[in-house]
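# Fold and geometry: a report
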Number of protein chains: 2
Amino acid sequence: MNPKEPSRRRFLKNGAALAGLAVGASATKASAADAPEERVDLLHKVGERSHFVDAIRRGSANNPERRLPDEPRNFGISTPLQDSDGTVTPASLHYIVSHGYEPPDINPQEHRLIIHGMVERPLSLSMDDLRRLPSVSRFHFIECHGNSTTGGLGGAARISPDATVQDTHGFTSCSQWTGVPLPLLLKEAGVKKGATWIIAEGADEYKHSKSIPIDKALDDALVAYAQNGEPVRPEQGYPLRLVIPGWQGINNVKWLRRIDLVDEPYMGMMEISRYPRLGLDGKSRWFEFEMGPKSVITRPSGGQRLPVPGFYEITGLAWSGGGAIRRVEVSTDGGATWKDAELQGPVASKAHTRFTIPWNWSGEETTIQSRCTDDKGTVQPTIAEVAKHWGVDLDYFRKITLIVSDLNAIQPWKINRDGSVKNAIF
Amino acid sequence: MNPKEPSRRRFLKNGAALAGLAVGASATKASAADAPEERVDLLHKVGERSHFVDAIRRGSANNPERRLPDEPRNFGISTPLQDSDGTVTPASLHYIVSHGYEPPDINPQEHRLIIHGMVERPLSLSMDDLRRLPSVSRFHFIECHGNSTTGGLGGAARISPDATVQDTHGFTSCSQWTGVPLPLLLKEAGVKKGATWIIAEGADEYKHSKSIPIDKALDDALVAYAQNGEPVRPEQGYPLRLVIPGWQGINNVKWLRRIDLVDEPYMGMMEISRYPRLGLDGKSRWFEFEMGPKSVITRPSGGQRLPVPGFYEITGLAWSGGGAIRRVEVSTDGGATWKDAELQGPVASKAHTRFTIPWNWSGEETTIQSRCTDDKGTVQPTIAEVAKHWGVDLDYFRKITLIVSDLNAIQPWKINRDGSVKNAIF
């Protein structure tokens with residue numbers, strides 16, 4: 001049944017107004033300063049949100065207040081997925097994970113991208129040079145691999161019954177990225193035989209660098225200068241960001257200034273210390289890349305409230321580093337039965353995909369959840385299946401999901417009789 | 001030939017840097033006020049553009065300075081298409097045409113959409129009600145039908161040799177709109193036999209209203225609460241906008257509060273006085289709706305400059321009210337020969353479509369232009385063909401394009417030997 005087909009069914013039993021879905025979030029305002037004339041002029045140049053809109057990014061549980069200028073910049077700021085619609089994340093709300101650096105204030109006229117190392121013809125490209133070259137525009141998600149774990153980002157909020165979907169899954173965002181395909185640039189430079197990795201380096205103070213296998217670089221990597229139709233924003237890497245579709249966020253190097261072709265990976269700080277997880281055998285798991293299939297219901301979700309029984313659309317997002325989302329199923333009875341949700345087309349590969357499904361809430365306590373399948377056929381697992389895969393006891397696992405670097409477990413939301421929606425991951 | 005296939009060709013003759021495409025636009029900054037602590041906090045809540053980014057909306061030629069608070073709000077503000085990438089227009093840069101009203105400051109908790117008139121069950125829907133109903137997300141352009149004419153918006157700048165693409169075509173923008181399909185709401189209300197039109201009314205001071213045939217309302221109309229993943233912005237109709245895909249901008253009623261089902265059109269101010277054009281026979285042409293197929297090269301375009309001969313990607317946008325863009329051809333020799341451009345997929349119906357084609361500029365004077373074909377098979381005409389269609393002398397026509405309410409003529413850009421790019425519509 002197609003719920004969009006108006007001749008098939010009606011959702012309102014009569015002309016009376018429905019009581020809407022209440023949202024428990026606080027109404028913090030985020031309007032800009034308003035010196036009258038200047039503000040009007042600015043509004044014309046670049047428009048602003050309504051002051052009634054309260055969707056904001058916020059710090060993670062271990063740094064909820066966000067840093068101030070004199071504090072260390074080691075933080076994560078997540079996207080308010082509970083307020084998301086469609087598949088585009090506004091650039092202003094794209095999540096950020098920062099490891100201690102200020103976004104550098106780069107003058108694009110002075111910025112260069114250097115491609116060197118094991119190449120026939122080293123390149124030094126200005127932003128204007130890049131804009132002359134063939135470009136592509138593609139929708140891709142970028143997700144911190146710590147998203148939806150308790151480690152690092154989510155912290156205790158991840159498993160709190162009061163968690164919102166911003167707490168549990170807010171470190172993923174999706175944009176239309178425009179730029180030059182990296183394969184084209186590598187072809188221009190001429191890859192020498194034996195080059196097996198690239199080292200991508202940013203122009204931030206800490207010179208973040210990341211090792212990426214050359215097969216991926218020659219597949220679908222993108223040197224992006226634009227995001228959602230405008231230049232990439234400073235927090236996202238202005239003027240240039242490397243986009244490595246479907247792989248852990250750390251690979252998407254911001255403020256990209258150098259690509260070095262080499263024959264072995266570089267043991268960067270993020271590769272040897274911060275990012276690898278320890279297995280139960282005590283060994284560090286280096287160089288994990290691809291994000292698994294993941295989905296989450298964004299509405300109704302944690303912290304929201306269903307005021308009365310009746311009709312509600314269930315909607316959420318699904319994505320996979322393995323390709324396009326092929327299927328999303330939703331259960332509204334605690335996992336006993338599953339129904340196919342509708343995917344809002346066109347579905348792009350390695351991009352957020354919006355799903356919807358109609359639902360009548362009886363008023364009884366229940367649990368709702370979604371699971372997705374990508375076009376490799378990989379199905380999103382339950383938390384119990386993840387625990388089993390990694391050989392850990394679920395009881396132990398629920399305390400520390402730290403060993404799992406990409407936790408893509410099914411996210412259940414419990415609906416109580418009073419309509420409140422709670423995190424039911426454990 | 002697929003220009004994205006790196007194994008086929010190289011664009012750089014050697015490792016030396018290219019000299020980039022220079023842009024003549026002034027570097028007006030649009031950064032927000034910066035009271036340090038408050039600004040840092042805001043930056044975390046909602047991010048900001050780089051202060052090096054100078055793409056701004058601006059007033060039309062007959063009101064270039066934009067109004068100030070005490071001036072009448074009768075103006076148009078256009079999108080900087082010369083700086084556009086991909087197909088999404090950032091909400092902050094979406095064009096505006098205003099007919100004398102301030103955007104109303106609507107509290108979404110108090111806003112209602114009334115559907116009444118020739119219906120079985122009148123409806124009064126809150127924003128929360130609407131969010132419970134089945135939703136869709138679709139990319140659609142909205143275009144003022146005065147876009148690319150000299151009348152009203154473009155003014156003399158439309159035919160000036162110095163026109164930028166913002167001057168010639170800046171009154172079109174494209175967003176991912178999310179909301180409830182209007183057909184579903186009309187089905188809920190129950191359309192009475194004999195209802196042939198809807199009158200959509202906004203909550204602005206002037207109560208802008210627009211008559212729309214019910215067949216269109218029952219086809220693909222959308223009651224949109226979100227734009228590019230966030231609530232519709234105040235200037236675009238917060239909290240609710242009627243989206244009438246592919247039809248003249250004036251139909252996309254902002255601040256939507258009422259839909260009245262009737263059996264004849266309402267003679268609204270915009271329908272009887274401001275918007276209809278007079279034919280040469282002296283008769284007014286009322287109730288024109290669908291926008292024809294249109295395309296324009298955005299880079300290189302008027303006001304930009306090619307610093308040296310050599311390789312340049314030509315890129316631009318194509319769209320049609322008739323459906324999806326099927327084909328875009330580009331000529332780089334004054335219209336003598338045409339080549340197929342590549343369309344950046346996935347191509348959505350009644351949405352901006354990005355096209356690209358590789359080009360080597362010899363350094364000689366030439367003219368570049370694009371023409372598109374939509375999936376109805378309709379081909380974008382030349383300006384001479386438009387003049388012939390309307391039975392007017394081209395010499396007369398070049399002075400006043402006023403009688404043509406939807407001028408979708410091919411836009412030629414002249415490249416001079418010094419690399420400067422000029423408007424060559426006449």
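Residues numbered from 1 in each chain as written. Chains lettered and ligands numbered in written order. Predicted model: local features only at pLDDT ≥ 70, side-chain atom pairs only at ≥ 80, totals over all residues.

## Considerations on the confidence of the model for chain A
Residues and elements named next belong to chain A. Threshold: Every residue carries a pLDDT, the predictor's confidence in it, which falls somewhere between 0 and 100. Any two residues are considered in contact once their C-beta atoms, placed from the backbone, lie within 7 Å.
Averaged over chain A, the pLDDT score is 84; the fraction of residues at 70 or greater is 77%. Below pLDDT 50 for its whole length, residues 1-8 participates in twelve contacts with residues either more than four positions away or in separate chains. Note that residues 22-35 has pLDDT below 50 and, in this model, 25 contacts with residues that lie over four places away or in other chains. At the level of chain-chain contacts, confidence expressed as ipTM amounts to 0.89, with global pTM at 0.90.

## Comments concerning helix H5 (residues 182-189) of chain A
Residues and elements named next belong to chain A. Just so we agree on the cut-off: Three exposure classes are used, all based on how many other C-beta atoms lie within 10 Å of a residue's own C-beta (placed from the backbone): buried at 20 or more, exposed at 12 or fewer, and partly exposed between those limits. Secondary structure elements are taken from DSSP: a helix is a run of H or I of four residues or more, a strand is a run of E of two residues or more, and numbering for both begins at the N terminus.
Of all eight residues that make up H5, six are buried, and the element is covered over most of its length. Among the residues of H5, Leu182, Leu184, Leu185, Leu186, Glu188 and Ala189 are the ones counted as buried. In the core, the buried residues of H5 are packed alongside strand E5 (112-117), strand E6 (123-126), strand E8 (172-181), helix H6 (214-217) and strand E11 (222-227). Positive backbone phi, approximately 80°, marks glycine 190, located one or two places after H5.

## Observations regarding the sheet that holds strand E10 (residues 209-213) of chain B
Residues and elements named next belong to chain B. Operational definition: The pairing criterion is simple: DSSP has to find at least two bridges between the two strands. Lines are fitted to the C-alpha atoms to define the axes, a helix being fitted only along its stretch in contact, and any angle between axes, read from their N-to-C directions, falls within 0 to 180 degrees.
Pairing within the open sheet is mixed, and its five strands lie in the order E6-E5-E14-E9-E10. The strands lining the two open edges of the sheet, one partner per strand, are strand E6 (123-126) and E10. Ignoring which end each strand starts from, the neighbouring axes of this sheet average 15° apart. The pairing of strand E5 (residues 112-117) with E6 spans four bridges and is antiparallel. Residue pairing in the sheet places isoleucine 115 in a bridge with leucine 123 of E6.

## Some words on the nonpolar core
We apply this condition: Working definition: the nonpolar core is a set of buried Ala, Val, Leu, Ile, Met, Phe, Trp, Tyr and Cys residues, joined through C-beta atoms within 7 Å.
Ala318 and Val328 of chain A together with Ala318 and Val328 of chain B are the most contacted members of the largest nonpolar core, which has 56 residues in total. Here valine 328 of chain A is in contact with Ser295, Ala318, Ala341, Leu343, Phe355, Ser370 and Cys372 of chain A, once residues within four sequence places are set aside.

## Quick look at the environment of glutamate 230 of chain A
Counting through the fold element by element, glutamate 230 of chain A comes out in strand E12 (residues 230-231). The contact partners of glutamate 230 of chain A, leaving out residues within four places of it in the chain, are Ala91 of chain A together with Arg49, Ala55, Pro90 and Leu93 of chain B.

## Some words on the sheet that holds E6 of chain A
All names here are of chain A. One open sheet accounts for five strands, arranged E6-E5-E14-E9-E10; its pairing is mixed. Each of the sheet's edge strands pairs with one partner strand only, and the pair in question is E6 and strand E10 (209-213). Strand-to-strand twist in this sheet, taken as the mean axis angle between neighbours without regard to direction, amounts to 15°.

## Focus: the pairing of strand E19 (residues 310-319) of chain A
Residues and elements named next belong to chain A. Taken across its ten residues, E19 has seven buried, putting it largely inside the fold. Relative to E19, strand E17 (residues 294-299) runs antiparallel, the two sharing five bridges. The residue bridging serine 295 from the neighbouring strand is alanine 318, located in E19. In terms of strand pairing, E19 meets strand E23 (residues 353-361) through nine bridges, oriented antiparallel. By the bridge assignment, glycine 316 is partnered in E23 with phenylalanine 355.

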